[in-house]
Each structure stands twice: as structure tokens, then as C-alpha cells.
Amino acid sequence: MMRLEQQAQRLIENSYYVDSAQAAPRHVPLQGEVQADVCIVGGGLAGLSAALELRKRGMQVVLLEGRHIGWGASGRNGGQALAGYASEMEPFERQLGAKSAHFAWEMSLDAIRLLRERIAQYAIDCDWTPGVMSVAVTPKKARALHAWAEHMQREYGYTHLQSFDAQQTRSLIASKRYCAAVLDDFGGHLHPLNYTLGLGRAALNAGVVLHEQSPVISVKPAAQAGGGKAQVQTAQGSVRARHVLLAGNVQLGDVAPRLSRRIMPVGTYIIATEALGAQRAKSLVRNRACVCDTQFVLDYYRLTGDDRLLFGGRVSYSTATPRDLAATMRRSMLAVYPQLSDVKITHAWGGFVDITMNRAPDFGRIAPDVLYLQGFSGHGLALTGMAGQLAAEAIAGQAERFDLFTRLRHKPFPGGDLLRTPALVLGMLWYRLRDLV
Ligand SMILES: Cc1cc2nc3c(=O)[nH]c(=O)nc-3n(C[C@H](O)[C@H](O)[C@H](O)COP(=O)(O)OP(=O)(O)OC[C@H]3O[C@@H](n4cnc5c(N)ncnc54)[C@H](O)[C@@H]3O)c2cc1C
């Protein structure tokens, strides 16, 4: 089977984001041994956010990226900045109690505030557009969606939600597919690669030492490496650091096998249409909010700054890319917007999300001096920013907020390394069938 990294590389080759990315500096690979307070593995949003926060606290930070900044999920995602968690609040409420669940919810809102602050502070040009719409495709799902909105308003005091019936939904979205919607005006959407590259620039300007093309091959905590410092090894160099943060998402693999068993790489894919012109684009989604349905295997889409429709969905639990990706995704798009049958598809790409068994994020330590952030479960665009901030706080000695997440229990996927994917494929087929009824 093709290695995950090769598949991920193939999946980025026809990305709209890469074609519309702003110029970014390249960073030389790590050579020889260097010293740092903190070594971060992974140049996605989680690693860059932590790097920025650690520099604010005056620490020397070296960040190692195996490919280049934004190569992973951060530079290829749906661009939807969402409140809350992929798991919803249930695992927090059940495992940690109501007070901690409320605190976790507030942190997810702080994550969106942080993202918007950073766009302004670092003048990142990434087409931020407010509005997130959740839509339901059956009356049963519509009732569940409206009940969820009422629950969030009542129990969490969240006042940013507005519920719409079928007719109102159709006046906002030019599709017959939906029978209800809930608009969240606090979240929004953006060009994720330009946002990630913007954070990379900010990290560089703040004094973070960045090395690209530097895949980490091993990490030893101080207790194993000796000399009072952890050791992070690449093919041509090493970093000795008082702390290490692993933010490598699904690509981390053999560097920390214990962690990899707790997440499953799930492929998800996006197409871009040609530019539609402002009027035609707006006719699809009148308020230009991004849209996500509530199916288990969901469609998600949004309009870009240059008036294309980016339409995402179709998951692959076996990690194999669907055959003829663009045509397959186009069929999904036409099921929602048949009026786009004359429109050309210019790009098709994808990536892997790091889902946990319960879909709640998985943050923690594999040694006292080695922390990790993973398991964003397709909900990490905003949350990674907050996660990086929490990891930096924990490294600086204030671990209270970070440890709220480390108290969440996560099970490894059943079946071990060889069987976990086939077992999941079967499990997910069941959920797909459930979407049909
Ligand atoms: C197609 C797609 C659509 C998505 N849509 C959304 C969405 O609309 N909204 C949302 O909230 N979330 C979405 N997500 C999820 C979101 O993109 C992720 O949760 C988030 O980007 C994770 O950031 P990260 O920094 O943890 O990981 P990544 O961005 O994947 O970064 C990890 C980096 O670590 C590097 N790395 C790994 N191992 C090593 C190593 N050994 N040595 C050196 N470097 C290493 C990788 O090369 C990579 O660049 C989507 C994801 C995908 C793939």
C-alpha cells in the first residue's frame, strides 16, 4: 500500500490553495546539533501557534517541518472556522462534568477570537468571511439541528445561533436539498493556506527558527537522551531542548507509535469550480456563509474571495483516494447544485484528518518534557490556535487549561496497526447506511 505521506503529497498536487498562495520564504533544512528551549515537530497551525506563544514568553524555539510550512491539513482544509468540537460537548460533560464542559466550550470560542486577532495583528490576507451555516437534509435531522441550537442557547448561553425553516433556508441557499438551517455568525471561513503561511511569517519575524525539509526520525525525552535535555533527531541534524512539542498530525507515524494508535487518518476531498462571477456565486449562498450539512459523511462548501465554489466531502476511511476524484466530487456538488452542470472544475485535492474514537481532541504528554497535540477530528482550523496557546502555557509552567484536555480519556482504535483501518471501514459503512434512512 502507498505510504500515507506519498498519498498526501499526491493529493496536494492539484490544490486551489497552492495555486492561489501568497509567496512565502523557504527555510533551510536542519544541519548539525542545535540547542533550544523548545523543539516543535510540525509546521501546521498547531505547531506555529505554539511557536508564536512560546516566543512571547521569551523562549528559544526551533520548529522542524518534514515538508514545508502548511503542507499538512492546515494548508488544504475546508477553511471553516467553527465553534465547539467535532465530538460536540458530550464527552466533556460525561467525563469532566458540566463546569469543565462549559470552560471547554468557552475555550473553543476563544479559539475563534484568537484566529481573528491574529489575522488583524499580523495583517494576514486570507479572505476572512463571517458566517457558518449548518444544514439538515431530512425532517428528522432538521428537528435534531434545531434542538441542538436551542440546547446551546439554553445550556451554554450561546447567542450567535439563528434557526431557519425550509423556506427561509431556500431563500439563503439555492438548493432544494435542505429542509432547515442554523446560522452561526461568530464563526466564518478563510483561505487556510494563506492563513498558515501568514502565521509562518509571523513566527519567523518573532524569532522562531524554522527548518523545512527536515523530517524528524526520532524523539527521546531527557530521561533517555541524557544530558538533562530531550533529543530530536533528523537525518542531518538534531535539536537538544528542554521541552518538545509534537504537532505532526497523522504524518507523525513511527516517531510516536503510541500516539498514532489513538488517531485514524481519514481522507476527505475538495473540488474548486472555475470563477463564477460575483453574482452567480452569491446566488448559491446569499449571505456567503460557509455551509456544512449534518450527515455523518458530510458535504461542506464555501465561496472563495475570487467567487469560486469550493465543495468538500466524500470521506475515505481506507485512506485510498476515490477513483476519478474530480468527477466523483462533481457528482456530489451537482446533487446539491444541479444548476452548476455547465461549470468547469479546475482543481481537486484532499488530505487526512486525525480523528479520535470519540472525536474529542487528544492533548497530553508522552514524557514530562514531551507534549503532544492531535485528534482535532476535522475541526482544527480554529482549535489548533488555542491548542498551541495551551501547550505553550503548559511548557511555561501553567498547565491548568492544557490539563483540562489531558483528563479526557481516549481509547486506541481496535485492531492494532494492521486491522484498525479495515475495522473502521466496516464501522463507517454502517454510519453511511444510517445517513440514507
Ligand atoms: C481536506 C480537509 C478539510 C478540512 N476541513 C476543515 C474545516 O473546514 N474546518 C476545520 O476546523 N478543520 C478542517 N480540517 C482539519 C484541520 O485542517 C486540521 O485539524 C488542522 O489543520 C490540523 O493542524 P495540525 O497543525 O495539527 O496538523 P497539520 O496541518 O497536518 O501539520 C502537521 C505538520 O507536521 C509535519 N510533520 C509530521 N510528522 C513530521 C515529522 N516526523 N517531522 C517533521 N514534520 C512532521 C507535517 O508535514 C505537517 O506539515 C480539514 C482537514 C482536511 C485534510
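A brief report on the enclosed structure follows. No experiment lies behind these values; they were computed from the predicted model shown. (Residues numbered from 1 in each chain as written. Predicted model: local features only at pLDDT ≥ 70, side-chain atom pairs only at ≥ 80, totals over all residues. Heavy atoms only, no water.)

Next up on the list: the site of the ligand. Surrounding the ligand, one finds 38 residues, the nearest of these being Glu65, Ser74, Gln80, Val216 and Leu381. Backbone polar atom of Gly72 to an oxygen atom of the ligand: 3.5 Å apart, as the coordinates give it. A distance of 2.9 Å is found between a nitrogen atom of the ligand and a backbone nitrogen or oxygen belonging to Gly78. Burial of the ligand by the protein amounts to 96% of the accessible area it has alone, namely 1,000 Å². Going through the elements one at a time, helix H3 (45–56), strand S15 (345–355) and helix H13 (380–395) are the ones with two or more residues in the shell around the ligand. Of the residues assigned to the shell around the ligand, the class counts are 16 nonpolar, 20 polar and two charged. (Near = heavy atom within 4 Å. Polar contact = N/O pair within 3.5 Å; in protein donor to acceptor, adjacent residues only side chain to side chain. Areas by Shrake-Rupley, 256 points an atom, 1.4 Å probe, with all protein chains shown as cover. Helix = DSSP H or I, 4+ residues; strand = E, 2+ residues; numbered from the N terminus. Nonpolar A, V, L, I, M, F, W, Y, C, P; charged D, E, K, R; others polar.)

As a further point, take helix H1 (residues 4–12). What H1 keeps buried is the set Gln7, Ala8, Leu11 and Ile12. Looking straight down H1, one finds that the buried residues subtend no more than 130° of arc, so they occupy a single side. On its buried side, H1 packs onto helix H2 (16–19), strand S11 (264–273), helix H12 (325–336) and S15. (Buried < 20%, exposed > 50% of the residue type's maximum accessible area, 1.4 Å probe, protein only. Arc of directions from axis to C-beta. Contact = heavy atoms within 4.5 Å.)

If you walk through the whole model with that rule in mind, you get three cavities of 30 Å³ or more. As for the largest cavity, its lining consists of Ala24, Pro25, Arg26, His27, Ile69, Leu197, Gly200, Arg201 and Glu212. Its residues assigned to classes, the lining of the largest cavity comprises four nonpolar, two polar and three charged. (1 Å grid on protein atoms, 1.4 Å probe; cavity = no way out; pocket = protein on both sides within 12 Å on 5 of 7 lines; lining within 4 Å. Points joined across faces, edges and corners; volume = space filled by probe spheres on them.)

This paragraph deals with H12. With twelve residues, H12 extends 17 Å between its outermost C-alpha atoms, agreeing within 8% with the 16 Å of an ideal straight helix rising 1.5 Å per residue. When we look at burial in H12, the residues that qualify are Leu325, Thr328, Met329, Ser332, Met333, Leu334 and Val336. (Expected span 1.5 Å × (residues − 1).)

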